[in-house]
Amino acid sequence: MKFDRSGVNALMEITSRPELVFVRGQGSWLEDHTGKRYLDFVQGWAVNSLGHCPPDVVKAMNEQSTRLINPSPAFYNEPSMELAKRLTGASCFDRIFFTNSGAEANEGAIKLARKWGRLHRKGAFKIITFDHSFHGRTLATMSASGKPGWDTIFAPQVDGFPKANLNDLESVRALIDDQTVAIMLEPVQGEAGVIPATREFMQDLRKLADEKGLLLIVDEVQTGMGRTGKMFAYELSGITPDIMTLGKGIGGGVPLAALCAREAVSCFEHGDQGGTYNGNPLMTAAGVAVFDALAAPGFMESVNARAKQLSEGLLALSAKWGMKGERGEGLLRALLLDRDDGAAIVEAARDWAPEGMLLNAPRPSLLRFMPALNVTADEIDLMLKRLDEVITKVRG
């Protein structure tokens with residue numbers, strides 16, 4: 001297969017892409033149009049929770065596609081109810097609204113919090129978020145995000161998202177006023193460089209929210225569905241949020257996300273929320289297959305074993321090269337480089353022959369690792385060995 005320049009020209013230009021086309025994938029491996037294979041430790045930015053084309057998800061979607069794809073959200077369908085029951089049964093939440101993307105789930109969380117504020121806090125609408133956070137690419141979720149430079153791209157921003165500093169409780173407290181309705185954060189800031197909120201900070205936020213009568217919203221679009229070694233990252237701190245959003249890994253690669261809320265907060269009225277494709281049986285059938293795989297006996301134990309292996313391996317690389325350590329939760333981890341050669345390492349790893357490797361550098365001096373949750377010990381060893389070879393070449 002030749003590289004199709006006319007196809008490239010037909011696509012809207014939104015990012016710089018290498019001249020390769022992926023045509024198939026299985027587990028932790030991808031294959032491009034030339035037949036070259038790549039070990040994938042990005043997995044669509046943690047989207048492919050069970051790797052590429054997981055058999056259980058493929059089977060579930062094939063079977064569902066022959067029965068019913070989309071009767072419209074005006075009617076109930078069985079897979080959406082089954083997945084909703086699984087999510088509420090595994091969490092502290094009572095109600096689920098399915099969406100197509102994490103940004104849409106976060107937009108729903110913002111709307112729900114504002115509706116709750118109108119009903120219970122005299123129209124309070126402000127949601128305290130955090131510097132360097134990432135909540136999506138809609139106008140509201142970009143405004144909620146603390147990503148540098150995003151305040152001017154599509155200005156003016158949506159009002160009502162004052163920014164605090166992660167792991168600094170007093171910076172949150174200082175922003176609370178009569179118009180504040182909620183606090184919203186990622187348990188691990190992924191785009192910022194895999195920066196976890198501390199257990200103590202999460203617990204203190206819950207206490208502060210209770211003290212001030214505010215909602216606590218956890219954006220688990222990246223950290224939810226087993227990524228941190230628990231089904232949901234909020235469990236690591238032993239807290240009970242009021243609202244949670246899920247995305248990425250919940251569908252194992254297909255467009256599926258969820259807005260989850262406790263009963264007392266579920267105040268949408270008929271007509272307040274909806275969507276043409278939301279909770280359709282084809283996507284939620286995939287979600288059921290993913291959930292059942294993650295909830296299977298021993299699965300989370302394996303995730304945590306692989307996380308320990310990856311952490312220890314990255315620490316060994318860091319010590320060898322005089323880097324600055326590693327951090328993260330579960331299988332969402334970062335290697336802190338000692339210089340700004342992250343992009344060069346990513347490019348060299350991708351271009352490696354005869355097999356390439358896919359890595360991610362959200363910051364110039366940092367590499368982020370988001371392998372499939374069922375990645376094998378051998379695949380982690382191979383990635384670490386090859387990464388050492390790539391660093392040697394880049395810095396040689």
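Preceding block: the structure.
Draft legend 1. Quick peek at helix α4 (residues 78-90). Taking 1.5 Å of rise per residue, 13 residues should cover 18 Å, and α4 covers 19 Å from first to last C-alpha, within 8% of that figure. Residues Pro79, Ser80, Leu83, Ala84 and Leu87 constitute the buried set of α4. Along the axis of α4, the buried residues cluster in a sector spanning 130°; they form a single face. The exposed residues of α4 that point more than 90 degrees off its buried face are Glu78, Lys85 and Gly89. Where α4 is buried, its residues touch α3 (55-65), β4 (95-99), β11 (243-246), β12 (257-261) and α10 (281-294).

Draft legend 2. The arrangement of the sheet that holds strand β16 (residues 360-363) in detail. A sheet is described by the order of its strands in space; here four strands give the open sequence β13-β14-β17-β16, paired in antiparallel fashion. The outermost strands of the open sheet, each flanked by one partner alone, are β13 (326-329) and β16. Pairs of neighbouring strands in the sheet enclose a mean axial angle of 30°, with direction left out of account. Relative to strand β17 (residues 366-369), strand β14 (residues 332-336) is paired through four bridges, and the arrangement is antiparallel. Within β17, the position partnered with Leu336 by the bridge is Leu366. Packed onto the sheet, helix α11 (residues 299-321) meets β13, β14 and β17 and runs at close to 5° relative to β14.

Draft legend 3. How the structure looks around unusual backbone geometry. Across the junction of Ala155 and Pro156, the peptide omega takes the value 5°, indicating a cis bond. Inspection of the secondary structure puts Pro156 in the loop between α7 (150-153) and β6 (163-164). Residue Ala353 is joined to Pro354 through a cis peptide bond whose omega torsion reads 5°. Along the polypeptide, Pro354 turns up in the loop between α12 (342-351) and β15 (356-358). Located in the positive-phi region is Lys248, a residue other than glycine, with phi close to 40°. With respect to the helices, strands and loops of the structure, Lys248 is situated in the loop between β11 and β12. Given the relative accessible area of 25%, Lys248 is considered partly exposed.

Draft legend 4. Examining the nonpolar core more closely. If you look at the biggest cluster of nonpolar residues, it comprises 79 residues, and the most contacted ones within it are Leu87, Leu185, Phe369 and Leu387. Among the elements that take part in this core, α10 stands out by supplying nine residues, more than any other. Aside from chain neighbours lying at most four places away, what touches Leu185 is Phe130, His135, Leu166, Ala197, Phe201, Met202, Leu205, Leu216, Ile217, Val218 and Asp219. Core analysis: the next-biggest nonpolar cluster, separate from the first, contains 20 residues, Ile110, Val181, Ala182 and Cys267 among them.

Draft legend 5. Representation of the packing of α12 against helix α13 (residues 377-395). α13 packs onto α12 with a crossing angle of 115° between their chain directions and a minimal axis gap of 9 Å. For the element pair α12 and α13, the recorded crossing hand is right-handed. Within the contact between the two elements, α12 uses Ala344, Ile345, Ala348 and Ala349 and α13 uses Leu387, Val390, Ile391 and Val394. Each residue belonging to the contact of α12 with α13 can be placed in one class, and the counts come to eight nonpolar, no polar and no charged.

Draft legend 6. Region of interest: the side chain of Thr284. Relative to the assigned elements, Thr284 resides in helix α10. According to the relative accessible area criterion, Thr284 is buried, its value standing at 0%. Of the polar contacts made by the side chain of Thr284, one reaches the backbone oxygen of Asn280; its length is 2.9 Å. Thr284 has contacts with Asn77, Pro79, Ser80, Leu83, Phe98, Leu256 and Gly279, leaving out every residue within four places of it along the chain.

Draft legend 7. Looking closely at the packing of α3 against α10. Interaxial distance between α3 and α10 falls to 8 Å at its minimum, and their mutual angle equals 150°. The angle between the axes of α3 and α10 places the two elements in the roughly antiparallel class. The handedness of the crossing between α3 and α10 comes out as right-handed. Contact residues: α3 offers Asp56, Val57, Ala60, Met61, Gln64 and Ser65, while α10 offers Pro281, Leu282, Met283, Ala285, Ala286, Ala289 and Val290. Broken down by class, the residue content of the contact of α3 with α10 amounts to 10 nonpolar, two polar and one charged.

Draft legend 8. Molecular detail of the state of the cysteines. Following the criterion strictly, the structure yields zero disulfides and no others. In this structure Cys92 is not part of a disulfide, and its nearest cysteine sulfur, from Cys260, lies 9.0 Å away.

Draft legend 9. Quick peek at the environment of Leu358. Tracing the backbone shows Leu358 in strand β15. Judged by relative accessible area, which is 13%, Leu358 ranks as buried. With 36 residues separating them along the chain, Leu358 and Val394 place their C-alpha atoms 16 Å apart.

Draft legend 10. How the structure looks around the environment of Asp168. With respect to the helices, strands and loops of the structure, Asp168 is situated in the loop between β6 and α8 (169-173). A residue is classified by how much of its surface remains accessible, and Asp168, at 29% relative accessible area, is partly exposed. Each C-alpha atom of the pair Asp168 and Leu205 lies 9.8 Å from the other, and the pair is 37 residues apart in sequence.

Definitions and limits used
- Residues numbered from 1 in each chain as written.
- Predicted model: local features only at pLDDT ≥ 70, side-chain atom pairs only at ≥ 80, totals over all residues.
- Heavy atoms only, no water.
- Helix = DSSP H or I, 4+ residues; strand = E, 2+ residues; numbered from the N terminus.
- Expected span 1.5 Å × (residues − 1).
- Buried < 20%, exposed > 50% of the residue type's maximum accessible area, 1.4 Å probe, protein only.
- Arc of directions from axis to C-beta.
- Contact = heavy atoms within 4.5 Å.
- Pairing = 2+ DSSP bridges.
- Axes fitted to C-alpha atoms, helices over the stretch in contact; angles between N-to-C directions.
- Core = buried A, V, L, I, M, F, W, Y, C linked by side-chain atoms within 4.5 Å.
- Left-handed = near helix turned anticlockwise from the far one by under 90°.
- Nonpolar A, V, L, I, M, F, W, Y, C, P; charged D, E, K, R; others polar.
- Polar contact = N/O pair within 3.5 Å; in protein donor to acceptor, adjacent residues only side chain to side chain.
- Parallel < 35°, antiparallel > 145°, perpendicular 65-115°, else oblique.
- Disulfide = S-S within 2.5 Å.

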